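Below, each chain spelled out in residue letters.
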Amino acid sequence: MGRSRRTLPEELLLLALDPATGTTAQPQSLDLGLAGAQLVELALAGRIAPDGDRIAVVMPRPTGDPTLDSALELLRRRGSPVRAVHWIGGPRLGLRQTYLSHLERCGMVHAVAGQMCGVLPTTRYQATDTAISREIRSRLDSAIRTGVPPDPRTAALAALAHAVGLGKHLYPGNEGRSSRSRLRDLIRHDPMGGLVAHAVMDVQNGVGAQPRRGSAAPGGRQAAVPVQPSRGSMARAV
């Protein structure tokens, strides 16, 4: 997989990053969304495919992206197709930080150290190239505004944005209600994106052992939190 194209987890994270605060909207559900975005990216790369409500590895060859390949290898080790809701609901400690650190290494975000209450260290992230974030947002806006079926990548991004509750972050207030509704409707334009988005919502609603049903994710925005060291890596971001 070439690096000329940003991956869906990267785009979802950039979409959630608030340029004013340097924090990510929907921090808890975003971790689930990033795990789901990995599945969609692997499907677009031809490595996995949906099998009912399960995910099957169809080509175990690495993509060249270390984080995606780690997920692919874990899926391969399962030996049989795994339910999307079980995969997304599994432990995902540090996935958001992994991608923030990756975006920093790629020069797409810049880490800004700070303090909470003048004592506790925090880390915020600012986009270094706002044109990238504007391009991602523009694709969603265009799909919502024109009603033209989007390409699979944009449709999957819209589905994931809705699933993790970014609608209220991207299209706030009463004036954004119709846009949020159309964002939700885009979920039907990509089967894999739809499968994963419903799985993300099911995990949030505690429906992991039941048949898939969709419902809206709760709203909210992350506040700055203290930095906590993780194993051998930089501190957890907000």
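Residues numbered from 1 in each chain as written. Predicted model: local features only at pLDDT ≥ 70, side-chain atom pairs only at ≥ 80, totals over all residues. Heavy atoms only, no water.

Asks: Describe the sheet that holds strand β2 (residues 54-57), and please don't skip the residues or the numbers.
Replies: Taken together, the 3 strands give an open sheet; going across it, the order is β1-β2-β3, and neighbouring strands pair in antiparallel fashion. The strands lining the two open edges of the sheet, one partner per strand, are β1 (48-51) and β3 (82-83). By the bridge criterion, 4 bridges tie β1 to β2 in an arrangement that is antiparallel. By the bridge assignment for β2, aspartate 51 is matched with arginine 54. (Pairing = 2+ DSSP bridges. Helix = DSSP H or I, 4+ residues; strand = E, 2+ residues; numbered from the N terminus.)

Asks: Hey, could you go over helix α10 (residues 191-204) for me, with residue numbers and the actual values?
Replies: The end-to-end C-alpha separation of α10 is 20 Å, in line with the 20 Å expected for 14 residues at 1.5 Å each. Counting buried positions along α10 yields 11 of 14 residues, so the element is predominantly enclosed. Within α10, the full set of buried residues consists of Met192, Gly193, Gly194, Leu195, Val196, Ala197, His198, Ala199, Val200, Met201 and Asp202. The inward-facing, buried residues of α10 contact α2 (27-44), β1, β2, α4 (84-88) and α7 (152-163). Where α10 terminates, the next one or two residues include glycine 206, which has phi positive at roughly 70°. (Expected span 1.5 Å × (residues − 1). Buried < 20%, exposed > 50% of the residue type's maximum accessible area, 1.4 Å probe, protein only. Contact = heavy atoms within 4.5 Å.)

Asks: Before we move on, can you summarise helix α9 (residues 177-185) with the specific residues and values?
Replies: Ser179, Arg180 and Leu183 are the residues of α9 that are buried. Around the axis of α9, the buried residues are gathered within 100° of arc, so they sit on the same side. Where α9 is buried, its residues touch α6 (130-146), α7 and α8 (167-170). (Arc of directions from axis to C-beta.)

Asks: Lay out the pattern of salt bridges in plain terms, naming residues and giving numbers.
Replies: One pass over the structure, following the stated rule, counts 11 salt bridges. Across the pair arginine 77 and glutamate 73 runs a salt bridge, and its minimum N-O distance is 3.1 Å. Within this pair, arginine 77 and its partner glutamate 73 are both found in helix α3 (residues 66-78), separated by 4 residues, close to a single helical turn. You can call glutamate 73 partly exposed: its relative accessible area is 27%. Notably, a salt bridge pairs arginine 137 with aspartate 141, separated by 3.1 Å at the nearest N-O pair. Highlighted residues: arginine 137 and aspartate 141, both in helix α6, separated by 4 residues, approximately one helical turn. (Salt bridge = Lys/Arg side-chain N within 4 Å of Asp/Glu carboxyl O.)

Asks: How would you summarise the confidence of the model for the protein if you had to cite specific residues and measurements?
Replies: Taken residue by residue, the protein gives an average pLDDT of 82. The fraction at 70 or more is 83%. The lowest-confidence element of the protein is strand β4 (residues 109-116), averaging 77 in pLDDT; the highest-confidence one is β2, averaging 96. The low-confidence segment residues 209-238, where pLDDT is below 50, has 77 contacts with residues more than four positions distant or belonging to other chains. (pLDDT = per-residue confidence, 0-100.)

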